[in-house]
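Structure at a glance
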Amino acid sequence: MNTIHSMKYLLISFCWFFAVMAQDSLPVFPGAEGFGVFTPAGRGGEIIKVTNLNADGPGSLRDACGKSGPRIIVFEVAGVIDVAEHIQIRNPFCTLAGQTAPSPGITVIGAGLRVYTNDVLIQHMKVRPGGRVEGPRGNSRQGICMVGSSQNVVIDHCSVSWATDENMTCWSTENRNITFSNCINSECLNNSVHPEGPHSKGMLVGFLTQNVSVIRNLFAHNGDRNPLIKGGCPATVVNNFVYNPIGVAMDFGEATFFGDQPQRVSVIGNVLKATRQTNLSPGGSFLYVHVHMSESRLYMDDNVTDGSFGLCSQRSFDPGVIVDTPEEATWTQPLTALPSAQVMHHVLSNAGARPQDRDEIDRRIINDAINGTGRMIDSQDDVGGFPQHAEVTRTLDIPADPNGDDDSDGYTNAEEWLHQMAAELEGPVDIPLDAGTNRSRQTMRKLFFTRNGARLGTLKLVSGREIASVKIFSCAGKLLQSAATPDGMTTRIELQSRIPAKGHYIIKIHYVKSGHTSRQILL
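Residues numbered from 1 in each chain as written. Predicted model: local features only at pLDDT ≥ 70, side-chain atom pairs only at ≥ 80, totals over all residues. Heavy atoms only, no water.

**Let's talk about the sheet that holds strand β28 (residues 392-393)**
- Spatially, the nine strands line up as an open sheet ordered β24-β21-β18-β15-β12-β9-β6-β3-β28, and their pairing is mixed. Where the open sheet ends on each side, the last strands, each with one partner, are β24 (271-273) and β28.
- Summarising the sheet, strand β3 (residues 77-82) and strand β6 (residues 106-109) pair through four bridges and their orientation is parallel. Residue pairing for β6: D82 is matched across the bridge by I109.
- Most of the contacts of helix α3 (residues 340-350) go to strand β21 (residues 241-243), to which it runs at about 75 degrees, and overall it touches β18 (218-220), β21 and β24.
- Against the sheet, helix α4 (residues 360-371) touches β9 (126-128), β12 (159-161), β15 (184-186), β18, β21 and β24, its axis set at about 80 degrees to β15. (Pairing = 2+ DSSP bridges. Helix = DSSP H or I, 4+ residues; strand = E, 2+ residues; numbered from the N terminus. Contact = heavy atoms within 4.5 Å. Axes fitted to C-alpha atoms, helices over the stretch in contact; angles between N-to-C directions.)

Okay, structure coming up:
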């Protein structure tokens with residue numbers, strides 16, 4: 001009997017494998033963008049139901065995640081799963097579909113989710129480990145973590161907070177092709193149980209992890225690492241909204257255990273909003289860049305602050321590493337960059353688990369980002385403690401032929417059922433149209449450079465507001481040129497000879513009525 005069962009399973013696996021190979025250009029769900037999104041995840045596999053909130057045992061989330069073979073994990077229960085050890089996904093081809101749970105969804109507390117394998121999709125899960133003494137060690141208590149050999153992994157529309165190490169981490173030389181999209185990464189605990197002391201960190205990508213996309217996420221009330229992308233880790237960091245960082249907002253190229261490594265990163269359309277608690281260092285900058293090696297390639301465009309802080313500072317910066325297109329640094333398709341002016345509203349409307357059914361924690365975080373309130377915390381008890389949702393159950397109406405493809409579009413009937421449930425929960429949520437807008441932020445529509453010679457040129461600014469003066473700084477913060485601008489909304493500045501015809505600079509614009517803005521430019 002065991003031999004017959006094994007041969008049957010092998011035959012099913014081969015059939016599933018060749019079906020997947022024929023669909024290798026199909027995103028894991030419609031609209032998925034970033035590295036790794038062509039994974040099949042659990043497509044075509046067994047549907048496994050989570051039927052209770054137990055920490056382990058039959059019907060539990062831990063038991064479902066521990067299964068092998070292609071599988072789609074769904075929920076006939078909602079509420080809080082309290083665990084003392086991380087829930088692990090060690091076998092490949094898994095879809096974890098939190099959107100299938102009844103309201104208010106699933107929240108994992110006490111520990112987190114760990115992925116050690118390839119081809120995984122996790123959606124609409126809430127992970128809030130907290131700072132209890134019981135549980136994983138403080139320096140390994142992440143929310144969602146990719147370790148081991150995690151390849152082709154997509155974390156989408158999840159909410160992670162109250163970790164004591166990082167809320168989200170990629171940490172292995174075998175990690176490849178990972179995307180974090182549309183997530184809320186908030187309130188990583190500061191002075192908690194981490195052995196190093198204060199340690200509020202949003203996201204760490206390191207140990208030579210390759211090809212990571214961080215797209216349209218909200219980072220809120222994390223001290224720093226929003227994210228930190230270490231050297232040797234190619235990445236795209238696009239359209240994230242960072243609210244109230246305390247130390248360093250975004251950090252790129254820091255040395256690894258392997259020493260200095262070349263950095264290849266595209267950083268596009270990210271937005272910072274500060275509060276009175278924000279005290280960015282070093283240099284009061286949004287983007288902090290360590291570029292130690294000439295092999296590095298760096299593309300940065302349309303990243304903006306609210307006017308409270310400068311845009312970019314660095315330790316070792318070779319202008320030769322600045323490239324003209326993201327493809328020369330790191331890029332993937334599909335990936336769309338929104339204009340920075342749209343980022344705050346888009347992220348606040350769409351990010352996190354179950355945006356149309358947000359829990360009280362995510363609603364509070366979103367309101368903080370809109371109203372400029374909230375703070376970094378040391379314990380979940382600082383903000384009301386762990387959620388206390390009562391258990392809710394319902395019976396799922398699973399498609400009759402879940403692994404069929406009735407409309408022949410490549411997605412199975414089960415996947416289209418999941419897509420529909422996700423669409424019902426996702427955004428955009430109706431929030432104030434001017435949410436997160438700071439009147440002193442950038443309103444420029446155009447900014448371009450025309451050379452008149454080898455080292456001289458004219459900088460033309462076209463703004464929606466009347467300009468009083470312009471200052472040009474190096475990325476290290478050295479003032480290179482200052483000019484009054486009596487021409488109003490259209491201003492031309494003759495660049496002085498000390499500003500090379502090719503380089504990377506910060507331009508600070510002061511307006512006639514009030515306010516100022518800073519923008520990074522490539523000449």
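**Some details on the environment of F93**
- In this structure, F93 sits in the loop between β4 (87-89) and β5 (94-97).
- Its relative accessible area of 19% is what places F93 among the buried residues.
- For the pair F93 and N152, spaced 59 residues apart in sequence, the C-alpha to C-alpha distance is 9.7 Å. (Buried < 20%, exposed > 50% of the residue type's maximum accessible area, 1.4 Å probe, protein only.)

**Section: unusual backbone geometry**
- P104 follows S103 through a cis peptide bond whose omega is 10 degrees.
- Tracing the chain through its elements places P104 in the loop between β5 and β6.
- Of note in the backbone geometry, A41 takes a positive phi value of approximately 50 degrees without being a glycine.
- In this structure, A41 sits in the loop between α1 (2-21) and β1 (46-50).

**Points about helix α5 (residues 413-425)**
- The terminal C-alpha atoms of α5 lie 19 Å apart, and with 13 residues this matches the ideal 18 Å at 1.5 Å per residue to within 8%.
- Those residues of α5 that sit buried are N413, A414, E415, W417, L418, H419, M421, A422 and L425.
- Elements in contact with the buried residues of α5: β1, β2 (71-75) and β5. (Expected span 1.5 Å × (residues − 1).)

**Details of the pattern of salt bridges**
- Throughout the structure, instances matching the rule amount to 13 salt bridges.
- Here K67 ties to D63 by a salt bridge, and the two come within 3.6 Å at their closest N and O atoms.
- For D63, a relative accessible area of 30% puts it in the partly exposed group.
- In this structure, R128 engages D359 in a salt bridge whose closest nitrogen and oxygen atoms are separated by 3.0 Å. Highlighted residues: R128 in strand β9 and D359 in the loop between α3 and α4, separated in sequence by 231 residues. Of the two residues examined, R128 and D359, each falls in the buried class.
- Among the ionic contacts, a cluster of salt bridges with common partners joins K126, R128, D359 and D362. (Salt bridge = Lys/Arg side-chain N within 4 Å of Asp/Glu carboxyl O.)

**Some thoughts on the packing of aromatic side chains**
- In this structure the tally under the stated criterion is five aromatic pairs.
- With a centroid separation of 5.1 Å and 55 degrees between ring planes, the pair formed by F207 and F258 is classed as tilted. Residue F207 is located in the loop between β16 (201-206) and β17 (210-215), and its partner F258 is located in the loop between β22 (250-252) and β23 (264-268); the two are separated by 51 residues in the primary sequence.
- According to the relative accessible area criterion, F207 is partly exposed, its value standing at 23%.
- Note on F258: relative accessible area 41%, which makes it partly exposed.
- The ring of Y116 is capped by R90, whose NZ or CZ atom sits 3.7 Å from the centre of that ring. (Phe/Tyr/Trp six-rings, centres within 6.5 Å; stacked < 30°, edge-to-face > 60°. Lys NZ or Arg CZ within 6 Å of the ring centre and 35° of its normal.)

**Some details on α4**
- With twelve residues, α4 should reach 16 Å at 1.5 Å per residue; the first-to-last C-alpha distance of 16 Å fits that figure.
- Buried residues of α4: I361, D362, I365, I366, D368, A369 and I370, and no others.
- Of the residues one or two after α4, G372 is the one with positive phi, at around 75 degrees.

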